[in-house]
Amino acid sequence: MSGFTYVTDTASPVHPVSALDYLPVDQMRALQLHRLQFIVKYAYDRVPLFRRRCEERGVRPEHVKTLKDISLLPFSMKTDLRDEYPLGLQAAPMSEIVRFQCSSGTTGKPICIPNTWNDIEVWKNGVMRCLAMGGVTPNDIVQVAYGYGLFTGGLGLHYGAEGYGCAVLPISGGNTDRQLMLMKDLGVTTIACTPSYFLHIIDEGHKKGIDFRKEMKLRHGFFGAEPWTEEMRDKIEEYTGLVAHDIYGLTEIAGPGVGGDCIHRTGLHIFEDHFYPEVIDPETLEPLPDGEQGELVFTTLDRTGCPMIRYRTRDLTRIEATPCPCGRTVRRIARINARSDDMLIVHGVNLFPSQVESGLLKVPDVLPHYQIVVTPTGALDTLEVKVEVTPENFSDDIRHLEELRKRVGAAVKSITGLTAKITLVEPHTLPRSEGKIRRVVDLRKANA
Ligand code: ADP
Ligand code: ZN
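For clarity, every value in this text was computed on a predicted model and none was experimentally measured.

**A look at the packing of aromatic side chains**
Now for step 1: Evaluated as defined, the whole model comprises 6 aromatic pairs.
Now for step 2: Taken together, a centroid distance of 5.1 Å and an interplanar angle of 25° make the contact between Phe198 and Phe223 stacked. Of this pair, Phe198 sits in helix 7 (residues 195-207) while Phe223 sits in strand 6 (residues 220-224), and the two are 25 residues apart along the sequence. No difference in accessibility class separates Phe198 from Phe223, as the two residues are buried.
Now for step 3: For the pair Tyr248 and Phe298, a centre-to-centre distance of 6.5 Å together with 35° between the ring planes defines the contact as tilted. Placement of Tyr248 in strand 7 (residues 243-249) and of Phe298 in strand 11 (residues 294-300) is noted, with a sequence separation of 50 residues between them.

Rendered as structure tokens:
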């Protein structure tokens, strides 16, 4: 890795794992093209579905002469993984496969991704670069409270943090009392879990009278696997005093660690030497210029178990190619607050749960625990937002509650444009989650 010039905003040396974050852009593009040409040929020779689709378009691997030529290649989607379930897209022989990971199935039948040892290393590298970006050091004690197993959260953070030299507490999700006890007794400095589960941990701690700022040693949190807003980040930081980092990923492309934010919070840097990003118009499928919002698409440049070429994530974002004050040259995506699968259409208006969250959390008297219920009522559906309020506010004073209800309604309307029925509820009454939370109950759907 010597020979590259690093540019950083800190006096501290760059951790070796982050070297490629600072690669001059032309060198990065050369590396990406080299890897793209390799992976396209590799997949063409080994994955019948990919080869067939290329043949239908008259494309052969040698047609990829520049990075732009990626647009000649066919897209892939979750339905391909389902149609070819379980292992139709596997490219490496079973002798090279060391682990299966499956998506959590938030939106249907799980999909199964076979990983080679090299794939695990690539994934681990992404997580380590996220930790480095956040300022974690090998002195940190990392409590991995993402679920372990088929879901990528637990094992992803585990291998990354261990590889980075941290002391890992592999506690997985659940058993919140024990989470709190070990967090305190070991002096855990870094927590990794879904933001909704961390809120639950905080909530349980508060019930026990724990003051996180005084009694815990938490300095970092790595939160992801589900959308969460800047307002939620502020709440988490206010309650605990830690720095809340955003970490992004998906099973099909590796797991957590495809990208993450640096201390400047200008979006999520993508480790694009492994994961080549594009943003496309989901209707026309045409690539969009940097800065325009569309569907995020990834090509795994060096994963060999199940290479994904132009995989449509269904996550909506834009690419930020402007320089980041941290000096990293790898491009960024805006935080993922919208996933096509989560979009609700209410009164003809497109609505994402994160918009409701942004609105709600602008009101200081509510807690970050909420639920959205859509009920079919004749011609017009009812959008109800249930939200917990602080114990001080949950009083018998009807006039006060009514005034708060109006403020919350106005805050939600200012972001969503929709008039919602606001229901203020007692603290600790809405459902909690130990993994990914389900915020929406859509009673218009048969299986809600
Ligand atoms: P599933 O699709 O079943 O939820 P995964 O567990 O692989 O499967 O989850 C990946 C998805 O989780 C991403 O496509 C994205 O929608 C969401 N996600 C992951 N990290 C983040 C994050 N930091 N912010 C917002 N959404 C995220
Ligand atoms: Zn940065």
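**Re helix 1 (residues 25-46)**
Now for step 1: Between the first and last C-alpha of helix 1 there are 31 Å, a value that for 22 residues agrees with the 32 Å anticipated at 1.5 Å per step.
Now for step 2: By the burial criterion, the buried members of helix 1 are Met28, Gln32, Leu33, Leu36, Ile39, Val40, Tyr42, Ala43 and Tyr44.
Now for step 3: For helix 1, the elements touching its buried residues are helix 2 (48-57), strand 10 (275-280) and strand 11.

**Observations regarding the packing of helix 6 (residues 176-185) against helix 7**
Now for step 1: Where helix 6 meets helix 7, the closest approach of the two axes is 10 Å, and the angle between their N-to-C directions is 80°. Relative to helix 7, the element helix 6 lies roughly perpendicular. Residue-level contacts link Thr176, Gln179, Leu180 and Met183 of helix 6 to Tyr197, Phe198, His200, Ile201, Glu204 and Gly205 of helix 7.
Now for step 2: Across the contact of helix 6 with helix 7, the residue classes break down as 5 nonpolar, 4 polar and 1 charged.

**Concerning the pattern of salt bridges**
Now for step 1: Considering all chains together, one arrives at 36 salt bridges under this definition.
Now for step 2: One salt bridge connects Glu121 with Lys124, and the closest N-O pair in it is separated by 3.5 Å. Placement of both Glu121 and Lys124 in helix 4 (residues 117-134) is noted, with a separation of 3 residues, approximately one turn of the helix.
Now for step 3: Of the residues examined, Glu121 reaches a relative accessible area of 31% and is grouped as partly exposed.
Now for step 4: A salt bridge links Glu402 to Arg405; its shortest N-O distance comes to 2.9 Å. Of the two residues, Glu402 and Arg405 both sit in helix 11 (residues 398-416), 3 residues apart, roughly one turn of that helix.
Now for step 5: Relative accessible area serves as the criterion here: at 32%, Arg405 is assigned to the partly exposed category.

The rules behind the values
Residues numbered from 1 in each chain as written. Chains lettered and ligands numbered in written order. Predicted model: local features only at pLDDT ≥ 70, side-chain atom pairs only at ≥ 80, totals over all residues. Heavy atoms only, no water. Phe/Tyr/Trp six-rings, centres within 6.5 Å; stacked < 30°, edge-to-face > 60°. Helix = DSSP H or I, 4+ residues; strand = E, 2+ residues; numbered from the N terminus. Buried < 20%, exposed > 50% of the residue type's maximum accessible area, 1.4 Å probe, protein only. Expected span 1.5 Å × (residues − 1). Contact = heavy atoms within 4.5 Å. Axes fitted to C-alpha atoms, helices over the stretch in contact; angles between N-to-C directions. Parallel < 35°, antiparallel > 145°, perpendicular 65-115°, else oblique. Nonpolar A, V, L, I, M, F, W, Y, C, P; charged D, E, K, R; others polar. Salt bridge = Lys/Arg side-chain N within 4 Å of Asp/Glu carboxyl O.

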